[in-house]
Amino acid sequence: MRFDRSSGVFCHVTSLPGPHGIGDLGGGAHEFIEFLGRAEIDHWQICPLGPTTDVTGNSPYQSPSAFAGNPLLIDLTGLVEDGLLDESDLEPVPDFSPDRVEYPAVREFKTSRLRTAFERFAAAEGSSAEFETFREREPWLADYALFRALSTARPEDTWIDWPEAIRTRDPDALASAREEHAEEIRYHEFLQWIFDRQWRDLRETAAEHGVSIVGDVPIYVSLDSADVWANPAAFALDEGNRPTAVAGVPPNAGDDGQRWGNPVYDWERLAERGYDWWIARFRRLFDLADVARLDHFLGFIRYWAIPATATSAADGEWRAGPGRELFELVEAELGDAPFIVEDLGFEEPEMDELAFEFGFPGMRVPQYADWCAAGNEYQPMHYPEGVVGYTSTHDTNTWVGYYQGLDAEQRDCLQYNLGVDGETAIEWEIIDAVWASEAIIAMTTMQDLLGLDGGARFNEPGTLEGNWEWRVRREAFSTELADRLADLALYHIR
């Protein structure tokens, strides 16, 4: 095992308290980490940190970059402290909801202030040694900033619709674009520098309180991303840099499968290149986080590839992924890799064997349990040591919302298995059960700690509206709650 017995809380950065309509890297995040420290919590799990867009419903899993940080998470108060904004620049603050992120209003408010900060920086210094060091240190930055500048200039198009010379990365066309959009490019480099500074400061606070950060790696990236445009050799694209196949899952009994639309990887060509794009991605990830959750781990073993021209998932085929070879190279390049793998919903011995061989714990979520089936693997009392036990995830209902939706038979079986009568707070019964299990890491969500119902669900897969919006208020980080978690750690973890 690559982990000690420990516990964690999931709460994405956008969900944290903050004065400008969205959780950010400022005071609310630092207070949350201090709360985790008081609560004897070892891990803070988050969603991917990349930029989000309105057109994708602000999903952090459909970002224009797997390397960049989300400018909406930049703490504007920190820019006042840096002298790049005045207090008056932040006024008036709209009447933002403390409970939900209103993305269009937040984006409008924050973007105008970020532009002002950049203009001040450009007028006062134009550059700095720290900024230039950052630009030289991050090899992904130049292409990302150019991609965002070109996207800003053509907001109605994806890069697939750009002129051929730019779409296929003709060197002369790229040089001309860099010259034409120089100021906009520098603006996006500036945003990434500020994000990087604030994130590193937050990570220092986490380290001081003994909290590790669990990042997230979606196996696939968005088609309309700097990743695909700037690295066509890593993906299954044709000569015009358009996808030949996209990702999804095959039909099962009772469903039509799913066509996700993300381009699949050209694993053979990546192998020839020493998996260079993936090594760079993991290197960047472990520069930002201590642990990484690998989403859809099955895709590294085998993946469902659907012809790009097909509309049905049934038209796809299974193809072989890189398997062991990739992770052997990751360890050779980066050292011991602390991965958690998302292995839910698929029976695949080769996937289980690979995770076991490398010591990557899988996931168990009790909301997938059949509570009336003896020995069901998703019941906490049957978790083996080599897993991470969750009460809920970012993609499930809250525990209370799930419990309220159970039929009478499943609810009775659940109560029997947990040894409860339904009169006590059901969220704490499952938290206690997961903490008492054999799972190497016990994980819950902030919503479950607060006993919130389905109205606080963070994401419902397959829908675009109302996701990624939930926020927690500062008063939730109470001494009483911290003490209760610390007692659980003392009893079950330490």
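Residues numbered from 1 in each chain as written. Predicted model: local features only at pLDDT ≥ 70, side-chain atom pairs only at ≥ 80, totals over all residues. Heavy atoms only, no water.

Direction vectors running N to C along helix H3 (residues 103-124) and helix H8 (residues 182-208) enclose 105°, while the axes themselves pass 10 Å from each other. One element, H3, and the other, H8, form an angle in the roughly perpendicular class. On H8, the residues touching Thr 111, Leu 114, Arg 115, Ala 117, Phe 118 and Phe 121 of H3 are Glu 183, Glu 184, Arg 186, Tyr 187, Phe 190, Leu 191 and Trp 193. Across the contact of H3 with H8, the residue classes break down as 8 nonpolar, 1 polar and 4 charged. (Axes fitted to C-alpha atoms, helices over the stretch in contact; angles between N-to-C directions. Helix = DSSP H or I, 4+ residues; strand = E, 2+ residues; numbered from the N terminus. Parallel < 35°, antiparallel > 145°, perpendicular 65-115°, else oblique. Contact = heavy atoms within 4.5 Å. Nonpolar A, V, L, I, M, F, W, Y, C, P; charged D, E, K, R; others polar.)

Strand S3 (residues 212-217) sits mainly inside the fold: 6 of its 6 residues count as buried. The alternating pattern of S3 places Ser 212, Val 214 and Asp 216 and Ile 213, Gly 215 and Val 217 on opposite faces, both of which are buried. Two elements, strand S2 (residues 43-45) and S3, share 3 bridges in a ladder whose sense is parallel. Across the sheet, residue Gln 45 finds its bridge partner in S3, namely Val 214. As paired elements, S3 and strand S6 (residues 291-294) share 4 bridges and run parallel to each other. Note that in S6 the partner of Asp 216 across the bridge is Arg 293. (Buried < 20%, exposed > 50% of the residue type's maximum accessible area, 1.4 Å probe, protein only. Pairing = 2+ DSSP bridges.)

We now examine the packing of aromatic side chains. Counted according to the given criterion, the structure contains 51 aromatic pairs. Measuring from centroid to centroid gives 5.6 Å for Trp 162 and Trp 229, while their planes differ by 75°, and the two rings are edge-to-face. Of the two residues, Trp 162 sits in the loop between helix H5 (141-153) and helix H6 (164-167) while Trp 229 sits in helix H9 (residues 226-230), which places them 67 residues apart along the sequence. Residue classification places Trp 162 among the buried residues on the basis of a relative accessible area of 3%. Taking the relative accessible area as the measure of exposure, Trp 229 reaches 0% and is therefore buried. Taken together, a centroid distance of 5.3 Å and an interplanar angle of 70° make the contact between Trp 278 and Phe 300 edge-to-face. Here Phe 300 lies in the loop between S6 and strand S7 (302-307) and Trp 278 lies in helix H11 (residues 276-288), a separation of 22 residues in the sequence. Each member of the pair, Trp 278 as well as Phe 300, carries the same accessibility label: buried. The ring of Phe 131 is capped by Arg 135, whose NZ or CZ atom sits 5.9 Å from the centre of that ring. (Phe/Tyr/Trp six-rings, centres within 6.5 Å; stacked < 30°, edge-to-face > 60°. Lys NZ or Arg CZ within 6 Å of the ring centre and 35° of its normal.)

So far we have only geometry, and geometry alone does not tell us how the molecule works.
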